[in-house]
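Chain and residue survey
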Amino acid sequence: MMMNIEPKVKKFIKHKFPFLVDLYRDLKIKIEFDEKYWNQKLENTYNLIEDLELNPYEKIKPKKYIHRQFSKHAIVEINNTCNLDCAMCQTMTATRKRGKMDLEIFRSILFKLSKKGIETLALHTLGDPLANPRLPEILKIIREFNLKTSICTNGLLLEKHIETLLEYIDVVPSIAFSIDGSTPETYERIRIGGKFSKLIEQLELSNKKLKSKGMSIKIHFTLSKDNMSEVGEFIEIFRNYVSRPSHDISFGVITGLAPDNSYFNSVNPFPNLTHKNVMCWRPKGDPLWVNVDGTVSACCRDYHGELIVGDITKQSYDEIVDGQDLLNLQRAHEKNDLKKYKPCDNCYRPDKRLDEIMNNLIQYLIFKKNDAQSFYYQTYVNKIIEIFQGNGNYKFKLKNLLETQVL
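Sequence order as written defines residue numbering, which begins from 1 separately in each chain. Whole-chain, interface and lining totals are the exception, using all residues; otherwise, since this is a predicted model, local features are given only for residues with pLDDT of at least 70 and side-chain atom pairs are given and counted only at 80 or more. The side-chain figures draw on all heavy atoms in the structure; neither hydrogens nor water molecules are used.

Now for the pattern of salt bridges. We count a salt bridge whenever a side-chain nitrogen from Lys or Arg sits within 4 Å of a carboxyl oxygen from Asp or Glu. Under the counting rule described, the total for this entry stands at 23 salt bridges. The salt bridge partner of K339 is D337, with a shortest N-O separation of 2.6 Å. When accessible area is computed with a 1.4 Å probe and restricted to protein chains, residues below 20% of their type maximum are described as buried, those above 50% as exposed, and intermediate ones as partly exposed. Note on D337: relative accessible area 38%, which makes it partly exposed. Each of D51, D351 and R353 takes part in a single network of salt bridges with overlapping partners.

What follows deals with the sheet that holds strand β6 (residues 249-253). Backbone-to-backbone hydrogen bonds pair the strands of a sheet. The strands run either parallel or antiparallel. Paired strands, in this sense, are two strands between which DSSP finds at least two bridges. Think of it this way: any DSSP run of H or I at least four residues long counts as a helix, any run of E at least two long counts as a strand, and we number them from the N terminus. The strand order across the open sheet built from nine strands is β6-β5-β4-β3-β2-β1-β8-β9-β10, with neighbouring strands paired in mixed fashion. Edge positions in the sheet fall to β6 and β10 (308-311), since each has one partner strand and no second. Inspection of the sheet shows strand β3 (residues 148-153) paired to strand β4 (residues 174-178) by three bridges, in the parallel sense. Residue pairing in the sheet places T153 in a bridge with F177 of β4. By definition in these notes, contact holds between two residues if any of their heavy atoms fall within 4.5 Å. Axes, fitted as lines to C-alpha atoms, cover a helix only where it is in contact. Angles between the N-to-C directions of the axes lie from 0 to 180 degrees. Lying over the sheet, helix α5 (residues 103-115) contacts β1 (73-76), β2 (120-122) and β8 (289-290), oriented at roughly 165° with respect to β1.

Let us now look at the environment of C344. In this structure, C344 sits in helix α15 (residues 342-345). The spatial distance from the C-alpha of C344 to the C-alpha of C299 is 9.2 Å, given a sequence separation of 45 residues. For C344, the contacting residues outside a window of four places in its chain are K276, L307, L329, H333 and L338.

This part is about the environment of R25. By secondary structure assignment, the location of R25 is in helix α2 (residues 18-32). Between the C-alpha atom of R25 and that of R244, which follows or precedes it by 219 residues, the distance is 10.0 Å. Once residues within four sequence positions are removed from consideration, R25 is found in contact with P173, G214, M215, S216 and R244.

A few words now on helix α14 (residues 324-334). Listed as buried for α14 are L326, L329, Q330, A332 and H333. Seen along its axis, α14 keeps its buried residues to an arc of 160°; they face one direction. Close packing links the buried residues of α14 with β10, α13 (317-321) and α15. Positive phi shows up at N336, right after α14, with a value of about 55°. The directions from the helix axis to the C-beta atoms form the arc being described.

With that out of the way, let us pick up the packing of aromatic side chains. Note on ring pairs: Phe, Tyr and Trp rings are taken, using the six-membered ring of Trp, and paired if centres are within 6.5 Å. Classes follow the plane angle, with under 30 degrees stacked, over 60 edge-to-face and the rest tilted. Evaluation of the coordinates by the stated rule reveals 14 aromatic pairs. With a centroid separation of 5.2 Å and an interplanar angle of 20°, the aromatic rings of W38 and F367 are classed as stacked. Of this pair, W38 sits in helix α3 (residues 35-54) while F367 sits in helix α16 (residues 353-368), placing them 329 residues apart in sequence. Given a relative accessible area of 23%, F367 falls into the partly exposed group. With a centroid separation of 4.7 Å and 45° between ring planes, the pair formed by F234 and F238 is classed as tilted. Taken together, the positions of F234 and F238, both in helix α10 (residues 231-238) and four residues apart, correspond to about one turn of that helix. Under the relative-accessibility criterion, F238 is labelled buried at 0%. Here the aromatic cluster, defined as three or more aromatic residues joined through ring pairs, consists of Y187, F196, F221, F234, F238, Y241 and F251.

And the structure:
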């Protein structure tokens with residue numbers, strides 16, 4: 001299988017025979033994600049829905065952070081600049097000094113991470129990686145360390161880096177576009193500073209240049225009151241820019257990402273299932289967020305540098321993970337005494353299980369009818385949302401909806 005092929009051979013195949021990559025991926029998905037898989041996934045989702053209702057977060061949240069084996073993934077912010085100021089992100093409110101990561105610092109960071117066994121990187125926290133003009137040099141260094149990365153982007157700057165992405169397709173095998181609207185009005189209200197027409201141009205470019213060369217294209221939608229009436233239209237439009245819609249289009253629920261919760265509070269579709277994010281998974285230290293200056297934060301929401309737990313230019317990975325600063329943050333969460341940590345004290349989110357539930361249910365609808373019109377998807381999404389906004393009995397209502405009507 002391709003995953004066992006030597007890196008140089010994989011690079012050669014991806015550059016010279018991209019159709020083989022796509023055929024391999026298509027065959028793999030057809031084998032692994034068949035009808036049996038989706039039926040089992042739906043059953044698992046029902047169980048998760050039952051758990052959500054019977055065990056609210058306050059009942060199941062951990063009491064202590066337990067040391068465990070760390071993953072092989074890291075997050076490095078190569079720039080904290082962005083071409084947009086999205087309503088849910090509000091990156092322009094961040095007070096951390098803006099800029100691009102020094103290339104030698106980046107190289108030294110990758111040296112430490114690779115020594116720790118890190119294999120994959122994400123390249124952003126506050127910034128969009130395509131807003132970094134040094135992306136070719138960044139990807140070259142990543143290749144030197146035999147690491148892999150994926151690009152998550154708003155996509156509007158794709159044309160500036162299209163040839164770079166093709167050159168480094170062995171390093172960047174996938175790219176994910178974050179898009180939260182299917183009409184110009186909604187998209188431009190959420191993605192402040194963006195133009196819907198420009199987005200479509202860039203996705204057409206992706207189809208022509210990246211998708212055709214075997215790059216895996218993903219599209220993500222963050223569900224909120226601002227856009228939940230457009231999910232069906234979103235699927236109908238953007239399935240044209242991925243290879244396998246039920247696999248490549250994903251959905252999540254909006255959280256209180258920006259330090260100011262006013263937008264989140266106004267568009268949160270599930271206030272009845274929202275809780276203060278005490279005992280959040282981020283203070284576990286896996287992954288840590290390496291900021292553009294080399295300081296390390298325990299959270300992607302650290303707009304002002306208030307959750308710094310180390311500096312990877314001066315410390316080892318283990319020194320940070322086992323350090324007193326991260327331990328203090330963990331103890332504050334365990335005691336529910338977060339006064340010293342403003343981002344944590346002001347952090348709220350709908351129950352995290354809703355992300356998986358909503359994603360699974362909508363992807364299931366796409367799997368059952370991947371060529372339906374928008375009305376089909378929207379009808380069921382409206383009913384699903386209405387069920388979770390109600391007063392319980394979620395599993396029974398959803399089983400009745402999906403098994404007597406969708407099937």
